[in-house]
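Working through the structure, step by step
Chain by chain, the residues run as shown.
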Amino acid sequence: METITGNELVGESLKRIGVKNFFFIMGGPINDTLLATMRRGIRGIDVRHEQAAAMAAQSYARALNFPGVCFGASGPGTINLTTGLANALIDGVPVVGFGGSSPIGEYGNGAFQEIDQVAIMKPVTKWANRVYETRRLPEYIDLAFRTAVSGKPGPVYLDLPSDVINNTIDDSTVVWPDFSKTLVRARPQGDPALIEDAIKILEKAERPVILSGSGVLWSGAEVELREFVVSKGIPIYTTPQGRGVLEEDHPQAFLNARSSAMKETDCVMIVGTRLNFVFGHVKPPRISANAKIIRIDVDPGEISNTPRADVAILGDAKAVIKQLLDAGGTRIKAAQYAGWRGRLSEIERLKGPESEKAMSTAATPIHPLRLCKEIRDFIDRDGVLVVDGQEILNFGRQSIPTFFARHRINSGTFGTMGVGMPFGVGAKVARPDKQVIVLHGDGSFGLNSMELDTAARHNIPVIVVISLNGGWTADPKGDKPGRNLGYTRFDLFAQSLGCHGEQVDKPEDIRPALERAKEAIKNGKPALVNVVTDHTARATTIRFTKTAT
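Notes on the structure in this doc start here. In this text, all values refer to a predicted model and were calculated from it rather than measured experimentally.

**A few points about the sheet that holds strand β11 (residues 267-271)**
Read from one edge of the open sheet, 5 strands run β10-β9-β11-β12-β13, paired in parallel fashion. One side of each edge strand has no neighbouring strand; the edge strands of this open sheet are β10 (236-238) and β13 (311-314). For this sheet the average axis-to-axis angle between neighbouring strands, irrespective of direction, equals 15°. Bridge count for strand β9 (residues 208-212) against β11 is 5 bridges, and the pairing is parallel. Along β11, the bridge assignment pairs Leu211 with Ile270. Packing of helix α9 (residues 192-204) onto the sheet brings it into contact with β9, β11, β12 (292-297) and β13, and relative to β13 it is tilted by some 140°. In this fold helix α11 (residues 222-232) packs onto β9, β10 and β11, with an angle of close to 165° to the strand it touches most, β9.

**Overview of the nonpolar core**
Grouped together as the largest cluster of nonpolar side chains are 52 residues, with contacts concentrated most on Phe23, Cys70, Val464 and Leu528. It is helix α3 (residues 50-64) that contributes the most residues to this core, 9 residues altogether. Judged by nonpolar contacts, the second largest core, of 33 residues, contains Leu202, Leu246, Ala253 and Ile321.

**Thoughts on the side chain of Glu248**
You can see Glu248 is positioned in the loop between β10 and α12 (258-264). Within the structure, Glu248 has its side chain in polar contact with the side chain of Arg243 (distance 2.7 Å). With residues near it in sequence (within four places) discarded, Glu248 still touches Arg243, Ala253, Leu255, Ile400, Pro401, Thr402 and Phe403.

**Focus: empty space enclosed by the protein**
Gaps left between atoms show up when a probe the size of a water molecule is rolled over them. Following the criterion strictly, the structure yields 2 cavities of 30 Å³ or more and no others. Here the largest cavity is characterised by a volume of approximately 140 Å³. Lining the largest cavity are 16 residues, with Gln390, Glu391, Gly441, Asn469 and Thr473 positioned closest to its centre. Those elements that place two or more of their residues in the lining of the largest cavity are α17 (391-399) and α19 (442-447). Sort the elements by how many residues they give to the lining of the largest cavity and α19 lands first, with 3 residues. In this structure, the second largest cavity spans a volume of roughly 50 Å³. Forming the boundary of the second largest cavity are Pro240, Arg243, Val387, Leu393, Arg397, Arg408 and Asn410. Class assignment for the residues of the lining of the second largest cavity results in 3 nonpolar, 1 polar and 3 charged.

**Comments concerning the sheet that holds strand β18 (residues 500-504)**
The 6 strands lie next to each other as β15-β14-β16-β17-β19-β18, forming an open sheet whose pairing is parallel. In this open sheet, the two edge strands, each paired with only one partner strand, are β15 (408-409) and β18. Set on the sheet, helix α18 (residues 420-430) makes contact with β14 (384-388), β15, β16 (436-441) and β17 (463-468); between it and β16 the angle comes to about 175°.

**Re the pairing of β13**
The alternating pattern of β13 places Val311 and Ile313 on a buried face and Ala312 and Leu314 on a face that is not buried. Note that β12 and β13 share 4 bridges and pair parallel. Opposite Ile294, over in β13, you have Val311 as the bridge partner.

**What to know about helix α22 (residues 510-520)**
Three or more residues of α22 are buried, namely Ile510, Ala513, Leu514, Ala517 and Ala520. The buried residues of α22 occupy an angular sector of 120° when projected down its axis, which confines them to one face. The elements touched by buried residues of α22 are α16 (368-378), β17, β18 and β19 (527-532).

**Points about the packing of aromatic side chains**
Scanning the entire structure with this criterion turns up 7 aromatic pairs. Centroid distance Phe71 to Phe98: 4.9 Å. Interplanar angle 20°. Geometry classified as stacked. Taken together, the residues span a long stretch of sequence, with Phe71 in strand β4 (residues 68-72) and Phe98 in strand β5 (residues 95-101) at a distance of 27 residues. In this pair, the class of Phe71 matches that of Phe98, namely buried. Ring plane angle 80° and centroid distance 5.0 Å describe the contact between Phe445 and Phe490, whose orientation is recorded as edge-to-face.

**Focus on unusual backbone geometry**
A cis amide bond, omega 0°, links Gly28 with the succeeding residue Pro29. Take Pro29: it is sitting in the loop between β2 (21-24) and α2 (31-38). Residues Thr364 and Pro365 are joined by a peptide bond in cis, for which omega reads 0°. Mapping Pro365 onto the fold places it in the loop between α15 (338-359) and α16. You will see that Gln113, though not glycine, has its phi angle at about 60°, which is positive. Among the structural elements, Gln113 can be located in the loop between β5 and α6 (117-121). Phi at Thr473 takes a positive value of approximately 60°, unusual for a residue other than glycine.

**Considering the packing of helix α1 (residues 6-17) against helix α7 (residues 137-149)**
Interhelical geometry of α1 versus α7 gives an angle of 40° and a closest axis separation of 9 Å. The orientation of α1 relative to α7 falls into the category oblique. As α1 packs across α7, the resulting crossing turns out to be right-handed. Each of Gly6, Leu9, Val10, Ser13, Leu14 and Ile17 in α1 lies in contact with α7, whose residues at this interface are Leu137, Pro138, Ile141 and Phe145. Its residues placed into classes, the contact of α1 with α7 shows 8 nonpolar, 2 polar and no charged.

**Details of the pattern of salt bridges**
Two side chains carrying opposite charge are able to pair once their charged atoms lie near each other. Under the criterion given, the structure shown has 38 salt bridges. The salt bridge partner of Arg207 is Glu206, with a shortest N-O separation of 3.7 Å. Here Arg489 and Asp491 are joined by a salt bridge, their closest N and O atoms 2.7 Å apart. Under the relative-accessibility criterion, Arg489 is labelled partly exposed at 40%. The network of salt bridges with common partners includes Asp46, Arg48, Asp453 and Arg457.

About the thresholds
Residues numbered from 1 in each chain as written. Predicted model: local features only at pLDDT ≥ 70, side-chain atom pairs only at ≥ 80, totals over all residues. Heavy atoms only, no water. Pairing = 2+ DSSP bridges. Helix = DSSP H or I, 4+ residues; strand = E, 2+ residues; numbered from the N terminus. Axes fitted to C-alpha atoms, helices over the stretch in contact; angles between N-to-C directions. Contact = heavy atoms within 4.5 Å. Core = buried A, V, L, I, M, F, W, Y, C linked by side-chain atoms within 4.5 Å. Buried < 20%, exposed > 50% of the residue type's maximum accessible area, 1.4 Å probe, protein only. Polar contact = N/O pair within 3.5 Å; in protein donor to acceptor, adjacent residues only side chain to side chain. 1 Å grid on protein atoms, 1.4 Å probe; cavity = no way out; pocket = protein on both sides within 12 Å on 5 of 7 lines; lining within 4 Å. Points joined across faces, edges and corners; volume = space filled by probe spheres on them. Nonpolar A, V, L, I, M, F, W, Y, C, P; charged D, E, K, R; others polar. Arc of directions from axis to C-beta. Phe/Tyr/Trp six-rings, centres within 6.5 Å; stacked < 30°, edge-to-face > 60°. Parallel < 35°, antiparallel > 145°, perpendicular 65-115°, else oblique. Left-handed = near helix turned anticlockwise from the far one by under 90°. Salt bridge = Lys/Arg side-chain N within 4 Å of Asp/Glu carboxyl O.

Following this line, the structure appears as structure tokens:
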């Protein structure tokens, strides 16, 4: 009789699914689970806080379109995952979280770190459950991954009681799922009648725009959507997380004309994104009151939530866009929107030099826009940019373009601070062949700054650039409580961890410092450039919400 432990069942299940990396902090009762998983060739990256494990898993998932995996030890270790999982939930990212827990046989008797972890996880995940029988571990792991990627993606949680994973059973009692099918995603097509209705609206439109988001990326529909945009000549605008579907220096990219396009459009086709505060809930004055609305989403909850929709198509983005390409044929031609593109192009022509002038300022303290310009001109075209903070996030969103899908990562609509370093770690682990730059605010960096140590220990060579304005957000009036944090020498902190670190006070010194950082990371260690910026520089942007800080 051959036997197998629950720990080995977890590791073998993850291997068969195709997991290559996971993020964790050691502890009981999961240490043997971690070892069994790593013995199967899966890389474990131990972080310095469990929230960073969940955040790194989120970034990993975004960069690869493959579920990220994280582990927490029992009690506080698992509870620490919740901030990262909550961010993934609001951001719609497939993360699979595992938590060790106290033994089932001692429930209610005050076992070490006993708490109802599943109950805690349910509000911050798409699905949370507990395994009660060792032989069913593969079944539950299969279900967890399937749930994470199905429909609208999201994080899931699976509780691993110590007596379940440490138990030894006859391996003939285990029913193994076909893990080759676990991550196969359904691709429901849209109703053909609704596809026809959408085409008719586009035929009559004179000033259409497309709004797209992460759903396009999770569907793997970026190629199809780009083809539709280019062949039909329709301007496209994306959520911050959905950038790169169309390279942002393409002739049909009118980034500086976004506000005018939204107000003047007569038809909005919304693909794979929620209608939240980012798009003003598609309400006037943000979006023209007279515009026809076409909505495409895989989530029926999103479809039913649409405040206004002339055509609502329930289906997978990739499948539906293919239907639109086929049905549109020669009925929708780029030439019919030439005047509209000309209007937006003229706005772009007028605003472009103004933006460039603002970014080229030689003022000291350094303006954050100048820092953004230097990063824009330095980063590889196919580099991955992670941005975290308040002012620097907004300045970076306005001024640094993206040219490839999944190459721009920030916290998403939950606005979680401290994601930058963990996101950088996760992105570089996912895409070791790409340059990864983390543009950080100094306040947000402090929340998970020790993940620089994680990057150093595991030879994850990211470049970290900090906009050091001395505290939380800009404070031109000096009236924000608890705002000031001082001008911390994060460069010296980086050096203490064995990383390259230097501080910059003058705008002309930024680029040389970035070049030295690029050279320094060739040894496999991260590099950090600490840039002193103007604490009065407040990002001028459309206010998404009344509660912005």
